[in-house]
Amino acid sequence: MKKLSFQNVINYFTLLLLLAAVAIRGGAEFKWFKSEDVKAFTIADFEEAFPQATSFKENNDRSFSFFNEEGVFLGYGLVSERFDARYSGYSGHVPIVIAMTDKRVITGVYLLANNETNEYLEYIHKQNLLQSWNQFVVGEELLTLEVDAASGATRSSTAIINTFNLTVGNYLDVAANIQTASFIRVLQSVLTGLLVLVSFLFVFGSRLKKYYFYYLTAVLLLLGIWFKQMLSVGVMHNWLVNGLPMQTNYELVLILILAIVMGLMGYRKYYCNYLCPMGALQMLVSKLSPLKKRSLNMRISQVQLRLIYLTFIWVALILGFSLPLGSMEPFVAFSFNVASKLILLFGVLIILLSVFFNRPWCQFCPTGCALDTIEPVKPRIK
């Protein structure tokens, strides 16, 4: 077994601090064994969210259905307390209810009874934080939406944002657990599994090398544009705070596990070379470009860049700075209808640079840097 060097210990320690920092700054309180009383709600609690409602019922997926006095359905509501989403502001938890249409389109986010300081709540309303999610469909992509900049990142707004994300995440888990898998969902799982199997053939064999271009095309189209399955700092931040989404996105969890295991086996670039849609996009552009490619070398050394980058992130988080984790990488650009213009321009810039340089984004990718800290347990057999 390979002995850990001092540099390896520093690498692992840096990564550990990064994980702890993003979890703590994300609002994780690590109170897994603490029991909470279940609140009994009345129609008066939802008067602001559903002013015409006179009755409601709780559904199997823990959502609430609201009706008027004629019994006409008005919409669904997700109550944070029903999904164990409790984050503290300055004066305690700030529970919310997320109002939705029958198509799961958000019509509003409303505060339930709380003990938060009025001045902070007035600031939240002034910044229109509660309107940040309006007209979005409740789904996995919603969890990548970055709203910190709009809120000013006070402790109250951070509590509301984390409560919203955890409520939606837990609701998706519950809903997926009680629903029968659709044909499209099964197809996505099968195709993802096939891509993973083929990636092993490329790693451990050489006969398929001539088909690498077509494989990268499949990764880009399937994992990137269709499934939107890619590791990122923002995704791992959500997982650290809210737990692994085994019910709704077990494929991406499997890919993360494989990336770590392959790194321990000596294939640290496994994910970047074979399963990362952004890596596939850069390599495809480079292969199609007739120009001679150069390396975009803007670092002192690979180790120093990695440590400086990761150290900056965890130190900033520990000191209380709110980093836009969802915007630090261009992966959201694959979600054309969700990505901002800035993120889309970011993606276009990477494509243009790939015409002249070999995988320019990979030189700075935080996710790649994090995976690169994994040292092999034993040297690879050549």
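Fair warning: this is a prediction, and the values are worked out from it, not measured in the lab.

(A) Structural detail: the packing of helix 5 (residues 183-204) against helix 8 (residues 250-264). Their axes nearest at 10 Å, the elements helix 5 and helix 8 cross at an angle of 15°. Classed by the angle they form, the pair helix 5 and helix 8 counts as roughly parallel. By crossing handedness, the relation of helix 5 to helix 8 is classed as right-handed. Touching Arg-185, Ser-189, Thr-192, Val-196, Phe-200, Val-203 and Phe-204 of helix 5 are Tyr-250, Glu-251, Ile-255, Leu-258 and Met-262, all from helix 8. Class assignment of the residues belonging to the contact of helix 5 with helix 8 gives a composition of 8 nonpolar, 2 polar and 2 charged.

(B) View of the side chain of Ser-354. Within the fold, Ser-354 resides in helix 12 (residues 341-354). When residues no more than four places from it in sequence are discounted, the contact partners of Ser-354 are Gln-282, Val-285, Ser-286, Lys-293 and Pro-360.

(C) Just the environment of Val-168, in detail. Along the chain, the position of Val-168 falls in helix 4 (residues 155-178). When the C-alpha atoms of Val-168 and Phe-83 are compared, they prove to be 8.5 Å apart, with 85 residues separating the residues in sequence. Setting aside chain neighbours within four positions, we find Val-168 in contact with Ile-98, Val-138, Gly-139, Leu-142 and Leu-143.

(D) Inspection of the state of the cysteines at higher detail. A full pass over the atoms with the stated rule returns 0 disulfides. Note on Cys-272: no disulfide assigned, nearest cysteine sulfur contributed by Cys-362 at a separation of 6.0 Å. Taking the relative accessible area as the measure of exposure, Cys-362 reaches 28% and is therefore partly exposed.

(E) Summary view of unusual backbone geometry. Phi angles above zero are rare outside glycine, and Arg-62 is one such case at about 75°. Relative to the helices and strands, Arg-62 is located in the loop between strand 1 (55-58) and strand 2 (64-67). Arg-62 sits in the partly exposed class, given a relative accessible area of 34%.

About the cut-offs
Residues numbered from 1 in each chain as written. Predicted model: local features only at pLDDT ≥ 70, side-chain atom pairs only at ≥ 80, totals over all residues. Heavy atoms only, no water. Axes fitted to C-alpha atoms, helices over the stretch in contact; angles between N-to-C directions. Helix = DSSP H or I, 4+ residues; strand = E, 2+ residues; numbered from the N terminus. Parallel < 35°, antiparallel > 145°, perpendicular 65-115°, else oblique. Left-handed = near helix turned anticlockwise from the far one by under 90°. Contact = heavy atoms within 4.5 Å. Nonpolar A, V, L, I, M, F, W, Y, C, P; charged D, E, K, R; others polar. Disulfide = S-S within 2.5 Å. Buried < 20%, exposed > 50% of the residue type's maximum accessible area, 1.4 Å probe, protein only.

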